[in-house]
Amino acid sequence: MTRLVTRLVATLMAVAASLPAAQAADQPVAIAIHGGAGTISRSQMTAEREKAYLAALQDAVEAGHRILESGGSSLDAVTEAVRLLEDSPLFNAGKGAVFTHDGRNELDAAIMDGATLNAGAVAGLHHVRNPIQLARAVMEKSAHVFMVGDGAEEFALEQGIRLVPRDYFYTEERWQRLQNARERERAALPQTDKFGTVGAVALDRAGNLAAATSTGGLTNKRYGRIGDVPVIGAGTYANNAACAISATGDGEYFIRSVVAYDIAARMMYADAKLEQAATEVIGTKLVDMGGGGGVIGVDRYGNVAMVMNTPGMYRASIDANGQRVVRIFAD
Ligand code: ASP
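Read on for an overview of the structure.

### Focus: the layout of surface pockets
The space that makes up the second largest pocket amounts to roughly 210 Å³. Among the residues making up the lining of the second largest pocket, the classes are represented as seven nonpolar, one polar and four charged.

Take a look at the structure:
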């Protein structure tokens with residue numbers, strides 16, 4: 001009888017050891033998403049609009065979380081959350097992307113796998129319905145990290161990624177915003193209409209981190225301008241040794257301060273905690289330079305940080321304790 005029990009225990013232990021880490025139910029999962037930071041004023045926000053934003057954020061964060069809960073990868077969770085936000089006309093990515101100075105839409109996106117440090121980035125797209133899917137294909141199906149313009153779209157075609165006519169991206173609201181921006185430019189007034197990028201970061205049951213970001217860039221940007229979003233280490237970064245970060249804000253400043261990597265570096269080399277590192281970079285370093293925006297981040301323990309130096313950032317999260325947050329304004 002004792003021999004039987006011993007054998008049974010040994011067999012059970014062997015089975016447990018052979019289970020992939022992904023099956024470990026006690027490993028926490030966490031996800032955070034954003035729909036852009038910027039001058040989101042309460043006076044311009046109707047109750048109806050606010051409801052629509054909160055619902056879209058809620059749908060995306062829950063969709064990503066369901067993937068994590070069922071043992072799916074953080075890469076799948078961030079891809080799906082960003083894809084949903086790209087399909088919503090409320091956000092400046094995919095459908096709903098802002099217009100360039102010459103009245104076109106140019107989309108940028110990136111994804112990074114914190115387990116392998118593999119990354120895929122795309123920029124200057126005119127026809128790809130979901131740029132995040134193309135970024136993922138660049139990471140997984142090409143020998144490259146960063147592809148732009150015609151070459152990237154040619155690759156999308158080869159990969160069977162959905163292409164759409166340019167007018168798919170047209171929305172009346174973004175078009176009017178371009179007209180306002182052009183007016184302000186003529187009158188030499190500062191540009192006020194900024195931000196709206198989308199992004200997601202996640203930790204899965206296997207302990208792997210991933211980050212994804214997608215954007216139409218800045219209203220009235222010049223033809224060919226590329227922002228921080230697809231620049232690995234600036235707007236998007238993930239490393240299992242530290243955290244996953246997705247940024248939104250004045251892209252030029254985020255590139256120059258290598259925001260996402262700087263947050264990870266402070267954690268790796270100066271032993272900073274996620275919240276502290278993000279607050280130092282967004283709240284002090286960027287502010288000193290004059291850059292506005294925010295980041296979302298998750299670390300390998302499932303801690304979530306959502307930090308901004310602007311009046312608001314569309315954001316939502318579900319942390320390792322299952323605590324849910326969906327918010328728009330900074331306070
Ligand atoms: N960071 C983006 C860019 O500069 C804009 C944004 O976050 O809305 O392209």
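### A few points about the environment of A277
Following the sequence through the fold, A277 ends up in helix α9 (residues 274-289). Relative accessible area serves as the criterion here: at 0%, A277 is assigned to the buried category. Residues A277 and A81, spaced 196 residues apart in sequence, show a C-alpha to C-alpha distance of 25 Å. The residues contacting A277, other than those within four sequence positions of it, are I263, R266, M267 and A272.

### Things to note about the packing of aromatic side chains
To describe a pair of aromatic rings, one takes the distance between the centres and the angle between the planes. What the rule picks out here adds up to eight aromatic pairs. Where Y237 meets Y261, the ring centres are 5.2 Å apart and the plane angle is 90°; that geometry is what we call edge-to-face. Here Y261 lies in helix α8 (residues 259-269) and Y237 lies in strand β7 (residues 236-238), a separation of 24 residues in the sequence. Taking the relative accessible area as the measure of exposure, Y237 reaches 8% and is therefore buried. For Y261, a relative accessible area of 29% translates into the label partly exposed. One aromatic cluster in this structure is built from Y53, F91 and Y314. We note R42 situated over the ring of F329; from NZ or CZ to the ring centre the distance is 4.1 Å. The ring of Y168 is capped by K95, whose NZ or CZ atom sits 5.1 Å from the centre of that ring.

Parameters and conventions
- Residues numbered from 1 in each chain as written.
- Predicted model: local features only at pLDDT ≥ 70, side-chain atom pairs only at ≥ 80, totals over all residues.
- Heavy atoms only, no water.
- 1 Å grid on protein atoms, 1.4 Å probe; cavity = no way out; pocket = protein on both sides within 12 Å on 5 of 7 lines; lining within 4 Å.
- Points joined across faces, edges and corners; volume = space filled by probe spheres on them.
- Nonpolar A, V, L, I, M, F, W, Y, C, P; charged D, E, K, R; others polar.
- Helix = DSSP H or I, 4+ residues; strand = E, 2+ residues; numbered from the N terminus.
- Buried < 20%, exposed > 50% of the residue type's maximum accessible area, 1.4 Å probe, protein only.
- Contact = heavy atoms within 4.5 Å.
- Phe/Tyr/Trp six-rings, centres within 6.5 Å; stacked < 30°, edge-to-face > 60°.
- Lys NZ or Arg CZ within 6 Å of the ring centre and 35° of its normal.

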